[in-house]
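Reading the structure
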Amino acid sequence: MITPQTLTGMILAGGEGRRMGGRDKGLEPFAGLPLVAHVAQRFDSHVSELLINANRNTDAYALFASRVIEDVEGGFKGPLMGIYSGLRAAKTPWLLVAPCDSPALPNDLVARMVAGITSESGEHDIAVAFDGERLHPVVALLRTSLADDLANALAEGERKIDRWYARHSWCKVDMSDCPETFANLNTEEEKARLELTLGSVANNAASRETP
Ligand SMILES: Nc1nc2c(ncn2[C@@H]2O[C@H](COP(=O)(O)OP(=O)(O)OP(=O)(O)O)[C@@H](O)[C@H]2O)c(=O)[nH]1
């Protein structure tokens, strides 16, 4: 059974943000808070430790997590390297990953992912969020014992997250009831548009969960 004691959360914030002029996306303000703060709230009290995977501005990120970890191998090798770095850093058997640029993820994200990975014969090794049309490979629950296997895949040059998932016992977690919560911000224009449509959703969640 996956409990908060056996689960580490990690926010992926290690990208270059090229489509946003190279800015550090996780620290961009959105509806009054840095993007990363919205995502951090989804993990509140549901995990034993929250990590942020970032390759820049690590002091700024430290305000929002228990630990900030950089990619094991630098040079912006992609999100699969970030996931690997989290699998290595986590002290628990399970790691739940979410991206820093999706500020409206479901408030019950952790419960949904944990319920979704469990099958009649036990747990799969990996569960991936599915919005009814698309998989979201950077919203995933994984066994941390996969770290060695991922190290080998990365050494072979693998960079595609879903292709690596497909080598394992994996499942989709159906979130087709809330596809809009997966909206992410890649450009200034998307940020401005989503701030109008999703800002209130994200803000309401924030004020509900702030003690
Ligand atoms: N650790 C790590 N995370 C990454 C890397 N590249 C992207 N990510 C993360 O993966 C998720 C999806 O990233 P993208 O939006 O595809 O890439 P990005 O670098 O943020 O933005 P672009 O440069 O505009 O593509 C985000 O949470 C990123 O922070 C990387 O090289 N290392």
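Because the structure is a prediction, the values reported are computed rather than measured. (Residues numbered from 1 in each chain as written. Predicted model: local features only at pLDDT ≥ 70, side-chain atom pairs only at ≥ 80, totals over all residues. Heavy atoms only, no water.)

Here we look at the UniProt feature "binding site: GTP" (unreviewed entry) in the chain
When the UniProt feature table is mapped onto this chain numbering, "binding site: GTP" (unreviewed entry) sits at Leu12, Ala13, Gly14, Lys25, Asn53, Asp71 and Asp101. For leucine 12, the location among the structural elements is in strand β1 (residues 7-13). Those residues in contact with leucine 12 that lie beyond four places of it in its chain are Asn53, Pro79, Gly82, Ile83, Val97, Ala98, Pro99, Cys100 and Val138. Take aspartate 71: its relative accessible area is 10%, and that puts it in the buried class. (UniProt positions renumbered as here; feature names shortened; annotations may be inferred. Helix = DSSP H or I, 4+ residues; strand = E, 2+ residues; numbered from the N terminus. Contact = heavy atoms within 4.5 Å. Buried < 20%, exposed > 50% of the residue type's maximum accessible area, 1.4 Å probe, protein only.)

Considering the site of the ligand
The immediate surroundings of the ligand are formed by 21 residues, with Leu12, Arg18, Asn53, Asp71 and Gly78 found nearest. With respect to the ligand, the side chain of lysine 25 contributes an N or O atom lying 3.0 Å from an oxygen atom. Interatomic distance of 3.3 Å between a backbone N/O atom of lysine 77 and an oxygen atom of the ligand. In isolation the ligand offers 610 Å² of accessible surface; the protein chains occlude 87% of this area. Elements represented by at least two residues in the shell around the ligand include exactly β1 and α3 (79-89). Classifying every residue of the shell around the ligand by side-chain character gives six nonpolar, eight polar and seven charged. (Near = heavy atom within 4 Å. Polar contact = N/O pair within 3.5 Å; in protein donor to acceptor, adjacent residues only side chain to side chain. Areas by Shrake-Rupley, 256 points an atom, 1.4 Å probe, with all protein chains shown as cover. Nonpolar A, V, L, I, M, F, W, Y, C, P; charged D, E, K, R; others polar.)

Section: the environment of aspartate 44
As for its position among the elements, aspartate 44 is in the loop between α1 (35-43) and β4 (49-54). Since its relative accessible area comes to 37%, aspartate 44 is described here as partly exposed. Sequence separation between aspartate 44 and glycine 9 is 35 residues; the distance between their C-alpha atoms is 9.4 Å.

Describing the UniProt feature "domain: MobA-like NTP transferase" (unreviewed entry) in the chain
The feature "domain: MobA-like NTP transferase" (unreviewed entry), as annotated in UniProt, sits at residues 9-167 in this numbering. Structurally, residues 9-167 comprises 30% helix and 26% strand, and the distance from its first C-alpha atom to its last is 23 Å.

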